[in-house]
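# Tertiary structure, described
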Amino acid sequence: MGLRKKHREAEVSTDSLNDIMFFLLLFFLILSTMVSPNSIKINLAKSTTKNTIDSKDNKPIHLAVTKDKKYYINNKEIPEANLETEISTYSAKQIDPILFMHLDRDLPIQVIADIMTMSMKLKVKPVLATAPNK
């Protein structure tokens, strides 16, 4: 009778794949704008007073030191040996330079004392940044 079975090839429907990829791309784009890639994780000391410094005229110098003694000035990592020269470079551009110190609370007190001594030597006003006490 000549009946033959037609052999069909398997197909995968990719019609909705474009929609899924678009939503994933959109999700990751929105998520990446919410995350701050320049943030440095530092466990700040707690405080209850809320004194803020208004620095409209001067742009403060932000010094962050992590607990493994990595130094960052304005989110740029610098070696410890260049710390004084970098701060003096930034402070030379300002009339009343302010140094915001974002120091990890697990740092040895000697590191904090060295930074304070250096800032006094450079005539930079040191300010210790703390986290609010919850």
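Structure first, text after, so check above.
Residues numbered from 1 in each chain as written. Predicted model: local features only at pLDDT ≥ 70, side-chain atom pairs only at ≥ 80, totals over all residues. Heavy atoms only, no water.

## A closer look at the packing of aromatic side chains
Tallied over the full model, the rule gives two aromatic pairs. Ring centres 5.3 Å apart and planes at 65° place the aromatic pair F27 and F28 in the edge-to-face group. Judged by relative accessible area, F27 falls into the partly exposed class, the value being 49%. (Phe/Tyr/Trp six-rings, centres within 6.5 Å; stacked < 30°, edge-to-face > 60°. Buried < 20%, exposed > 50% of the residue type's maximum accessible area, 1.4 Å probe, protein only.)

## Looking at the environment of A64
Examined against the element boundaries, A64 turns out to sit in strand β2 (residues 61-65). Distance in space between the C-alpha atoms of A64 and M101 is 6.0 Å, their sequence separation being 37 residues. (Helix = DSSP H or I, 4+ residues; strand = E, 2+ residues; numbered from the N terminus.)

## Points about a nonpolar patch on the surface
Taken together, the side chains of L17, I20, M21, L24, F27, F28 and L31 present a nonpolar region at the surface, about 680 Å² in accessible area. Position of M21 among the secondary structure elements: in helix α1 (residues 17-34). (Patch = residues over 30% accessible without salt bridge, like charges linked within 9 Å, V, L, I, M, F, W, Y side chains within 5 Å. Areas by Shrake-Rupley, 256 points an atom, 1.4 Å probe, with all protein chains shown as cover. Salt bridge = Lys/Arg side-chain N within 4 Å of Asp/Glu carboxyl O.)

## As for helix α2 (residues 83-92)
All of the buried residues in α2 are L83, E86, I87 and S91. Along the axis of α2, the buried positions cluster into a sector of 130°, meaning they face one direction only. The secondary structure elements touched by the buried residues of α2 are β2, β3 (71-73), β4 (76-78), β5 (98-103) and α3 (109-121). (Arc of directions from axis to C-beta. Contact = heavy atoms within 4.5 Å.)

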